[in-house]
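If you want the building blocks of each chain, they are given just below.
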Amino acid sequence: MSEEQGSRPKSATTRKVAVCDLDGTLIDSDAALANAFVALGVDREEITFGHVLADECDRLGLSVEDYLAAYDPTQALPFAGVTELVTSLDRWAVCSNKHPHSGRAELERLQWHPEVALFADFFGGPKQLPPVLRLLGIAPDQVIFLGDTAHDRRCASDAGVTFALAGWNPRATAHSSDIVLSHPLELLELLGE
Ligand SMILES: [Mg+2]
């Protein structure tokens, strides 16, 4: 009773997989996000970032539908170096609190093709990494999560995943334990290429 084939390591490569937040990490979307709220009559100073859209709309007394109608994705551009980063990765994923409607529209517009892209609708609340890892079929130690907020940092630590801060976003605030990247292509080194 011998096995036909011995068990082989799942992957011969040690290269990790990048899971990325979208807004404020890959895309400089502050202006697009804020302008939609301003167009609906919200004071610019009242706007905060990194939330589930439905929660932020609730807080500001707006409907998600009105917000999406006012949101212009063409105002959101990739941070310098991000397009070079994502096009050089063979495996990467997006994990974002963004509304799926605008999130998928932006991936389409930018012609980015992550292997997995999960948005707020999938989680039914703030995003989490475990479902992304399950869909990728990889363990937490095979992943780097790239993000720009304290919530992103918490998502990573809750899932036992290494966190890297998108230090190219001037709004990103480093924690003493963070790996802080100053340019998107620095992620390649961290992934083990
Ligand atoms: Mg973000």
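These numbers come from a predicted model, not from an experiment. (Residues numbered from 1 in each chain as written. Predicted model: local features only at pLDDT ≥ 70, side-chain atom pairs only at ≥ 80, totals over all residues.)

**A look at the pairing of strand 6 (residues 143-147)**
Regular strands show a simple pattern: their side chains alternate between the two faces of the sheet. Operational definition: Buried, partly exposed and exposed are defined by the number of other C-beta atoms within 10 Å of a residue's own C-beta, namely 20 or more, between the two limits, and 12 or fewer respectively, with C-beta atoms placed from the backbone. Going along the chain from the N terminus, every DSSP run of H or I of four or more residues is numbered as a helix, and every run of E of two or more is numbered as a strand. Pairing between strands is defined by DSSP: at least two bridges between them are needed. Orienting the strands away from the viewer, one traces the path from the first strand over the helix to the second; a clockwise path indicates a right-handed crossover.
Among the five residues in strand 6, five count as buried, and that is most of the element. Burial of strand 6 is two-sided: the residues V143, F145 and G147 facing one way and the residues I144 and L146 facing the other way are all buried. With four bridges connecting them, strand 1 (residues 17-20) and strand 6 associate as parallel partners. Each residue of the ladder has a partner; that of V17, found in strand 6, is V143. In this sheet, strand 7 (residues 162-166) lies alongside strand 6 in parallel orientation, the contact comprising four bridges. Across the sheet, residue L146 finds its bridge partner in strand 7, namely A164. Crossover strand 6 to strand 7 through helix 8 (residues 150-159) is right-handed.

**Here we look at the sheet that holds strand 7**
To be explicit about the condition: All axes here are fitted lines through C-alpha atoms, helices being fitted over the stretch that makes contact, and every angle between N-to-C directions spans 0 to 180 degrees.
Overall, parallel pairing links the six strands, which are arranged 5-4-1-6-7-8 in an open sheet. One side of each edge strand has no neighbouring strand; the edge strands of this open sheet are strand 5 (116-118) and strand 8 (179-181). Looking at each pair of strands side by side, their axes are set apart by 25° on average, direction ignored. Here three bridges tie strand 1 to strand 4 (residues 92-95), and the two strands are oriented parallel to one another. Bridge pairing in strand 4 links V19 to A93.

**Quick look at helix 8**
This is how the line gets drawn: Our arc is simply the arc of the directions from the helix axis toward the C-beta atoms. We call two residues in contact when their backbone-placed C-beta atoms lie within 7 Å.
Of all the positions in helix 8, only D152, R153, C155 and A156 are classed as buried. Within helix 8, the buried residues cover an arc of 160° as seen down the axis, which keeps them to one side. Seen from the buried face of helix 8, the exposed residues on the opposite side, beyond 90 degrees, are A150 and D158. Here the buried face of helix 8 lies against strand 6 and strand 7. Remark: G160 follows helix 8 within two positions and exhibits a positive phi of approximately 70°.

**Quick look at the confidence of the model for the protein chain**
We apply this condition: Confidence per residue, as judged by the predictor, is encoded in pLDDT with a range of 0 to 100.
Predicted confidence across the protein chain gives a mean pLDDT of 91, with 93% of residues reaching 70 or more. Long-range and interchain partners of residues 1-12, a stretch whose pLDDT sits below 50, account for zero contacts in this model, where long-range means more than four residues apart.

**What about helix 1 (residues 30-39)?**
Within the sequence span of helix 1, burial applies to L33, A36 and F37. Projected onto a plane normal to the axis of helix 1, the buried residues spread over an arc of 95° and lie on a single side. Once helix 1 ends, the next one or two residues include G41, with phi positive near 95°.

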